[in-house]
Amino acid sequence: MQSEVSPSLSVLLVEAFYGGSHKQLIDLLKENIDGCCVFTLPAKKWHWRARTAALHFSQTIPSCPSYRVLFSSSVLNLCELVALRPDLARLKKVLYFHENQLVYPVRKDQERDFQYGYNQVLSWLLPKHKLLRRTANVDDQKPVSDQDPHQPISGPTTDPHQPTSGPTTDPHQPTSGPTTDPHQPTSGPTTDPHQPTSGPTTDPHQPTSGPTTDPHQSTSEPRTDQDPAGEAADQVKPLHIVWPHRWEHDKNPELFFNTLLKLKERRLDFHLSVLGETFTDVPEIFSEARRLLDSHILNWGYLPSKDDYLQVLCQADVVVSTANHEFFGVAMLEAVHCGCYPLCPKALVYPEIFPAQYLYSTPEQLCKRLQGLCRRPDVARRHVVAVDTCSYSWAALKSRFQTLLADEGP
C-alpha cells in the first residue's frame with residue numbers, strides 16, 4: 001500500500017509488516033495526524049520483510065521535499081533504508097519497537113538467526129526518538145543502548161503505550177480504529193459487558209449472542225445481573241475462559257491447554273473461547289486441544305468481525321495469558337476493558353500493568369487460580385478489575401503522538 005504524494009505531506013509512515021498491532025498503529029496515526037503519507041508491505045513472511053523491506057521502500061518511496069518526519073517500526077532496517085536513500089537522512093526519525101528480536105523465544109537455541117536482532121541493534125543506534133512499549137522493554141535493550149536505560153529515551157516518553165482503540169472525545173469511551181486485526185478492537189460490540197454469557201451456542205464455533213446495550217463504558221462495577229436471580233445465575237453458569245492470542249509458540253499455548261486439561265480431569269466445568277490469528281505454522285497442540293476439549297468450546301479460531309470478537313470478550317469471565325514474550329499485551333487489556341478477570345505471568349511486561357493479585361509465578365499457581373474460579377465463577381463476574389484501561393486509549397495518548405510527529409525544524 002502506498003499513499004499519493006502531495007507537497008503538503010510531511011510525515012512519512014513506513015511499515016514493513018502491515019498487520020495486527022502494526023497495522024492498527026499506522027492506521028490510527030494516518031487517520032488522526034495531519035500530513036501523513038503511508039507506505040507498507042503485507043503482513044506475510046516477516047523474515048523476508050525484515051531482510052528486504054529497506055531495498056523495496058528505497059525504490060518505491062518517491063522523493064518529496066516536504067517530508068519532515070519518518071516513522072517506522074523496527075521490522076524495517078532503518079540504517080539500510082537511509083543508506084540507500086540519502087535524501088531521507090535529514091528527516092526526524094522515530095522508531096517504534098513492537099518486539100525485541102534479541103530475546104524473542106525460539107523453539108531451539110540453535111535455530112536463532114541473530115541477523116534480525118542485529119538489524120534492530122543498528123536501527124536502534126540511528127534515530128533520536130526510540131519508542132518501546134514499557135519500561136521492561138528498555139531493560140531488554142541495555143546491551144545495545146548507548147545511554148542510561150533508566151533515563152527517558154530521547155522522545156516524549158519511554159512508555160508511549162500503543163493505543164488500544166480509536167480516537168474519541170471522551171477518554172472513557174473507546175471508539176473505532178483499524179479493523180483487520182481481531183485483537184485490535186475498532187468499535188464496541190452490541191452486547192452488555194456486565195451480562196455474563198449464556199450456555200453454548202448451537203454452533204460452538206460461532207460467537208455467542210447477547211443483549212444490545214452499550215459496552216463501551218469501562219468496567220467500573222461488578223459484572224452482575226440486574227434481576228433478583230442474578231446471584232444464583234452467576235454461581236450456576238460455568239466459568240467462561242478466553243484465550244485471545246496469536247496461535248504461535250511464543251504465546252506458549254501448551255501451558256494454557258495443559259492447564260485446561262487438568263481442570264477437565266478434575267471434572268471442573270468451564271466454557272472456552274480460543275480466538276486469534278493463525279499463520280503458516282500452527283503449533284500441533286491446537287488440533288489436539290480442540291479434540292480433547294470439544295465439549296467445553298464455545299468459540300474456536302479467528303473472528304474476522306471486530307464486533308463478534310469484542311462480543312465474545314464481553315461475554316467471557318476470565319482472560320488468560322501464558323506468553324513467553326510480550327511487549328505490551330493489547331489483547332489482555334482489551335479483554336479487561338470488556339470486563340474479564342485477567343490472569344498473567346509474573347514476568348515480562350505484565351507486572352507493570354497488572355497488580356499482583358492478577359499474576360501467577362508457576363503453572364501450578366495458574367491451575368490453582370483457574371480451579372478456584374471454576375468452583376466460584378461469581379468471584380470473577382463480580383470483581384472490579386483494578387486496571388485503568390482508559391489511560392491506554394487514543395484520547396489519552398493522542399497529544400503525545402502529535403508532539404512526537406511534529407516537525408522540530410531545521
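Predicted model, so just to flag it, every value in this text is computed and none were measured.

## With respect to the overall build of the protein
Turning to step 1, where the next piece is worked out: If you tally the helices and strands in the protein, you get 14 helices and eleven strands.
Turning to step 2, where the next piece is worked out: Expressed as a percentage of its 410 residues, the buried residues of the protein come to 57%.
Turning to step 3, where the next piece is worked out: Partitioning the contacts of the protein with sequence separation of at least 6, the portion at a separation of at least 24 is 74%.

## Here we look at the pattern of salt bridges
Turning to step 1, where the next piece is worked out: Tallied over the entire structure, the rule returns seven salt bridges.
Turning to step 2, where the next piece is worked out: In this structure, Asp-378 and Arg-376 form a salt bridge, with 2.7 Å as the shortest nitrogen-oxygen distance.
Turning to step 3, where the next piece is worked out: Taking relative accessible area as the criterion, Asp-378 reaches 10% and is therefore assigned buried.
Turning to step 4, where the next piece is worked out: Residues joined in a network through salt bridges with shared partners are Arg-246, Glu-248 and Asp-250.

## Observations concerning the packing of aromatic side chains
Turning to step 1, where the next piece is worked out: Taken as a whole and judged by the stated rule, the model has 14 aromatic pairs.
Turning to step 2, where the next piece is worked out: Seen in terms of ring centroids, Trp-247 and Trp-300 are 5.4 Å apart; in terms of plane orientation they differ by 70°. Their pairing is edge-to-face. Pair noted here: Trp-247 is in the loop between β6 (239–244) and α7 (253–265) and Trp-300 is in strand β8 (residues 297–300), with a separation of 53 residues, a long-range link.
Turning to step 3, where the next piece is worked out: When the centroid spacing of 5.3 Å and the interplanar angle of 80° are considered together, the rings of Phe-257 and Phe-286 count as edge-to-face. In this pair, Phe-257 sits in helix α7 while Phe-286 sits in helix α8 (residues 285–292), placing the two residues 29 residues apart along the sequence. Per residue, the accessibility class of Phe-257 equals that of Phe-286, and both read buried.
Turning to step 4, where the next piece is worked out: Feature note: the residues Trp-243, Trp-247, Phe-256, Phe-257, Phe-286 and Trp-300 constitute an aromatic cluster, connected by ring pairs.

## Re the pairing of β8
Turning to step 1, where the next piece is worked out: Pairing of strand β7 (residues 270–275) with β8 involves three bridges; the strand directions are parallel. Paired with Ser-273 across the two strands is Asn-299, which belongs to β8.

## Things to note about the sheet that holds β8
Turning to step 1, where the next piece is worked out: Pairing within the open sheet is parallel, and its six strands lie in the order β8-β7-β6-β9-β10-β11. What marks the edges here is a single partner per strand, and that holds for β8 and β11 (359–360).
Turning to step 2, where the next piece is worked out: Bridging between strand β9 (residues 318–320) and strand β10 (residues 341–345) involves three bridges; their strand directions are parallel. Within β10, the residue paired with Val-319 across the bridge is Pro-342.
Turning to step 3, where the next piece is worked out: Together, β6, β7, β8, β9 and β11 form the strand contacts of α7, whose direction differs from that of β7 by roughly 165°.

## A word on α8
Helical periodicity: at 3.6 residues per turn, an α-helix aligns residues three or four positions apart in one direction.
Turning to step 1, where the next piece is worked out: Those residues of α8 that sit buried are Ile-285, Phe-286 and Ala-289. In an axial view of α8, the angular spread of the buried residues amounts to 95°, which keeps them on one side of the axis. Residues of α8 that are exposed and point over 90 degrees away from its buried face: Ser-287 and Arg-291.
Turning to step 2, where the next piece is worked out: Next to the buried residues of α8 lie β6, α7, β7 and β8.

## Here's the deal with the pairing of strand β4 (residues 92–97)
Turning to step 1, where the next piece is worked out: Counting buried positions over the six residues of β4 gives six, a clear majority of the element.
Turning to step 2, where the next piece is worked out: In β4, alternate side chains face the same way, and those of Lys-92, Val-94 and Tyr-96 on one face and Lys-93, Leu-95 and Phe-97 on the other are all buried.
Turning to step 3, where the next piece is worked out: Bridge count between strand β3 (residues 69–73) and β4: five bridges; the pairing is parallel. Across the sheet, residue Phe-71 finds its bridge partner in β4, namely Val-94.
Turning to step 4, where the next piece is worked out: Of the crossover connections in this fold, the one passing from β3 over helix α3 (residues 78–84) to the parallel β4 is right-handed.

## Some remarks on the environment of Phe-71
Turning to step 1, where the next piece is worked out: In this structure, Phe-71 sits in strand β3.
Turning to step 2, where the next piece is worked out: Phe-71 gets classed as buried once you look at its relative accessible area, which sits at 1%.
Turning to step 3, where the next piece is worked out: It is 6.1 Å that separates the C-alpha atoms of Phe-71 and Leu-12, two residues lying 59 residues apart in sequence.

## Focus on the environment of Asp-407
Turning to step 1, where the next piece is worked out: By the secondary structure assignment, Asp-407 is in the segment after α14 (394–404).
Turning to step 2, where the next piece is worked out: Linking Asp-407 and Val-11, residues 396 residues apart in sequence, is a C-alpha distance of 8.5 Å.

## Quick look at unusual backbone geometry
Residues other than glycine predominantly adopt negative phi, and peptide bonds predominantly adopt the trans conformation.
Turning to step 1, where the next piece is worked out: Phi is positive for Asn-252, close to 55°, though the residue is something other than glycine.
Turning to step 2, where the next piece is worked out: Within the secondary structure layout, Asn-252 lies in the loop between β6 and α7.
Turning to step 3, where the next piece is worked out: Positive phi is not limited to glycine here, since Arg-267 has a value of about 60°.
Turning to step 4, where the next piece is worked out: Within the fold, Arg-267 resides in the loop between α7 and β7.
Turning to step 5, where the next piece is worked out: Given the relative accessible area of 79%, Arg-267 is considered exposed.

## Remarks on the confidence of the model for the protein
Turning to step 1, where the next piece is worked out: Across the protein, the average pLDDT comes to 77, with 65% of residues at 70 or higher.
Turning to step 2, where the next piece is worked out: Overall, residues 133–161 carries pLDDT values under 50, and its contacts beyond four positions in sequence, including any with other chains, amount to 79 contacts.
Turning to step 3, where the next piece is worked out: In this model residues 165–228 is a low-confidence stretch, pLDDT under 50, and it forms 199 contacts with partners more than four residues away in sequence or in other chains.

## Re the side chain of His-22
Turning to step 1, where the next piece is worked out: On the secondary structure map, His-22 appears in helix α1 (residues 20–32).
Turning to step 2, where the next piece is worked out: Looking at His-22, its side chain comes within polar contact range of the side chain of Glu-15, at 3.2 Å.

Rules behind the numbers
Residues numbered from 1 in each chain as written. Predicted model: local features only at pLDDT ≥ 70, side-chain atom pairs only at ≥ 80, totals over all residues. Heavy atoms only, no water. Helix = DSSP H or I, 4+ residues; strand = E, 2+ residues; numbered from the N terminus. Buried < 20%, exposed > 50% of the residue type's maximum accessible area, 1.4 Å probe, protein only. Contact = heavy atoms within 4.5 Å. Salt bridge = Lys/Arg side-chain N within 4 Å of Asp/Glu carboxyl O. Phe/Tyr/Trp six-rings, centres within 6.5 Å; stacked < 30°, edge-to-face > 60°. Pairing = 2+ DSSP bridges. Axes fitted to C-alpha atoms, helices over the stretch in contact; angles between N-to-C directions. Arc of directions from axis to C-beta. Right-handed = clockwise from strand over helix to strand, strands pointing away. pLDDT = per-residue confidence, 0-100. Polar contact = N/O pair within 3.5 Å; in protein donor to acceptor, adjacent residues only side chain to side chain.

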